[in-house]
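# Analysis of the macromolecular model
Listed below are the residues making up each chain.
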Amino acid sequence: MSHLGTPATADETESTVGDTAPWDSGLQITLEPPEDYEPSDEAAGGVEFDEAITVEITVINGTGEPFGTIFVLLDAKFSGSPGE
């Protein structure tokens, strides 16, 4: 697998909801708006939180080579503070 490149612009290293972050290799990652999430009784963790959300992330592979989503790392923030 070749090097995936870097974000197309320096401003794309942090994306916000609804943004698509294009990479110079052709990879694109889009973060959809969050939706309320109600964990099931079988859900692990998160019981100490009053609210939960779910976020859909779309990866478009325009690199021309196979891409494993295992290489996508996410870091969430809310009002500048790390998410849990």
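For the structure, check the block above.
What this report covers is the structure whose coordinates are included nearby. This one's a predicted model, so the numbers in the text were calculated from it and none came from an experiment.

Read from one edge of the open sheet, 3 strands run β1-β2-β5, paired in antiparallel fashion. The strands lining the two open edges of the sheet, one partner per strand, are β1 (20-22) and β5 (57-61). Direction aside, neighbouring strands of the sheet carry axes that sit 15° apart on average. Two strands pair when backbone bridges link them, and strand β2 (residues 27-31) and β5 are joined in this way by 5 bridges, in the antiparallel orientation. By the bridge assignment, L27 is partnered in β5 with N61.

Moving on: a negative patch on the surface. A cluster of acidic residues, E35, D36, E38, D50, E51 and E56, forms a negative patch at the surface. Counting through the fold element by element, E35 comes out in strand β3 (residues 35-36). You can call E35 exposed: its relative accessible area is 54%.

Among the secondary structure elements, T30 is positioned in strand β2. A polar side-chain atom of T30 sits 2.7 Å from a polar atom in the side chain of T20. In contact with T30, not counting residues within four places along its chain, are D19, T20, E56, I57 and T58.

On to the environment of P33. Structurally, the position occupied by P33 is in the loop between β2 and β3. Along the sequence, P33 and T54 sit 21 residues apart, while their C-alpha atoms lie 8.8 Å from each other. Other than its neighbours up to four places away in sequence, P33 contacts V17 and T54.

What counts, and where the lines are drawn
Residues numbered from 1 in each chain as written. Predicted model: local features only at pLDDT ≥ 70, side-chain atom pairs only at ≥ 80, totals over all residues. Heavy atoms only, no water. Pairing = 2+ DSSP bridges. Helix = DSSP H or I, 4+ residues; strand = E, 2+ residues; numbered from the N terminus. Axes fitted to C-alpha atoms, helices over the stretch in contact; angles between N-to-C directions. Patch = residues over 30% accessible without salt bridge, like charges linked within 9 Å, V, L, I, M, F, W, Y side chains within 5 Å. Areas by Shrake-Rupley, 256 points an atom, 1.4 Å probe, with all protein chains shown as cover. Salt bridge = Lys/Arg side-chain N within 4 Å of Asp/Glu carboxyl O. Lys, Arg positive; Asp, Glu negative; His and termini not counted. Charge placed at Lys NZ, Arg CZ, Asp CG, Glu CD. Buried < 20%, exposed > 50% of the residue type's maximum accessible area, 1.4 Å probe, protein only. Polar contact = N/O pair within 3.5 Å; in protein donor to acceptor, adjacent residues only side chain to side chain. Contact = heavy atoms within 4.5 Å.

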